[in-house]
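# Overview (structure and organization)
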Amino acid sequence: MYTVNEIDSQTLAETLAENPQAVRLIDVRSPAEMAQGIIPGSEPLPLHLLPLQADTLLAGDRPLVIYCRSGARSAQACMFLAGRGGNAQRILNLRGGIIDWVRQGNQVVSPEAGRAVG
């Protein structure tokens, strides 16, 4: 069993404000969910496609912040990547997912145009 390391919305927002390239954001929700808005700078990678991209994700050196709607699917993604030999210290689950991100007053953007939503 692997431990899931987490980052909260406030810490992530502060990190991104200081350096937008400090982490690699991966959105594992479905395309329909992503259409409602994504965290700016996120890369879409629906959970069912994660195994196809695991090696590419693990090859990088930036911390990975993985998120979904509430944090459950992204926690599964984190455990999967750790099980594939990823450094669990650099694989982070966004606690509470995009729901908490929005509740904390952070911006989401349209995945197509990169414009603010809502």
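It should be emphasised that the depicted structure is a prediction, and the values quoted were computed from it without experimental measurement.

## Details of helix H4 (residues 72–83)
In this model, H4 (12 residues) spans 17 Å end to end at C-alpha, consistent with the 16 Å of a helix rising 1.5 Å per residue. Buried within H4 we find Ser 74, Ala 75, Ala 77, Cys 78, Leu 81 and Ala 82. Viewed end-on, H4 has its buried residues packed into an arc of 155 degrees, placing them on one side of the element. Among the structural elements, helix H3 (50–59), strand S4 (64–67) and strand S5 (91–94) are those in contact with the buried residues of H4.

## What about the nonpolar core?
Within the largest apolar cluster, 16 residues are counted, with the highest numbers of intra-cluster contacts made by Leu 12, Leu 16, Leu 25, Ile 39, Val 65, Leu 94 and Trp 101. Put simply, the parts of the chain that give this core at least two residues each are helix H1 (9–18), S4, S5 and helix H5 (97–103). Counting 14 residues, the second-largest nonpolar core is a separate cluster that includes Val 28, Leu 50, Leu 64 and Cys 68.

## Focus on the pattern of salt bridges
What the rule picks out here adds up to 5 salt bridges. The salt bridge partner of Glu 6 is Arg 95, with a shortest N-O separation of 3.0 Å. Separated by 89 residues along the polypeptide, Glu 6 in strand S1 (residues 5–7) and Arg 95 in the loop between S5 and H5 bring together distant segments of the chain. The class of Glu 6 is partly exposed, set by a relative accessible area of 39%. With a relative accessible area of 42%, Arg 95 lands in the partly exposed category. Across the pair Arg 24 and Glu 43 runs a salt bridge, and its minimum N-O distance is 2.7 Å.

## Details of the environment of Gly 86
You can see Gly 86 is positioned in the loop between H4 and S5. A residue is classified by how much of its surface remains accessible, and Gly 86, at 14% relative accessible area, is buried. Sequence spacing of Gly 86 and Gly 37 is 49 residues, and the spatial spacing of their C-alpha atoms is 28 Å. In this view, Gly 86 contacts Leu 58, Leu 81 and Ile 91; residues no more than four positions away in its chain are not counted.

## Things to note about the packing of H3 against H4
At a closest axis distance of 10 Å, the pairing of H3 and H4 adopts a crossing angle of 60 degrees. Taken together, H3 and H4 sit at an angle that is classed as oblique. The way H3 lies across H4 gives a crossing that is right-handed. Across from Leu 50, Pro 51, Ala 54, Leu 57 and Leu 58 in H3, the residues of H4 making contact are Ala 77, Phe 80 and Leu 81. Residues of the contact of H3 with H4, tallied by class, amount to 8 nonpolar, no polar and no charged.

Basis of the calculations
- Residues numbered from 1 in each chain as written.
- Predicted model: local features only at pLDDT ≥ 70, side-chain atom pairs only at ≥ 80, totals over all residues.
- Heavy atoms only, no water.
- Helix = DSSP H or I, 4+ residues; strand = E, 2+ residues; numbered from the N terminus.
- Expected span 1.5 Å × (residues − 1).
- Buried < 20%, exposed > 50% of the residue type's maximum accessible area, 1.4 Å probe, protein only.
- Arc of directions from axis to C-beta.
- Contact = heavy atoms within 4.5 Å.
- Core = buried A, V, L, I, M, F, W, Y, C linked by side-chain atoms within 4.5 Å.
- Salt bridge = Lys/Arg side-chain N within 4 Å of Asp/Glu carboxyl O.
- Axes fitted to C-alpha atoms, helices over the stretch in contact; angles between N-to-C directions.
- Parallel < 35°, antiparallel > 145°, perpendicular 65-115°, else oblique.
- Left-handed = near helix turned anticlockwise from the far one by under 90°.
- Nonpolar A, V, L, I, M, F, W, Y, C, P; charged D, E, K, R; others polar.

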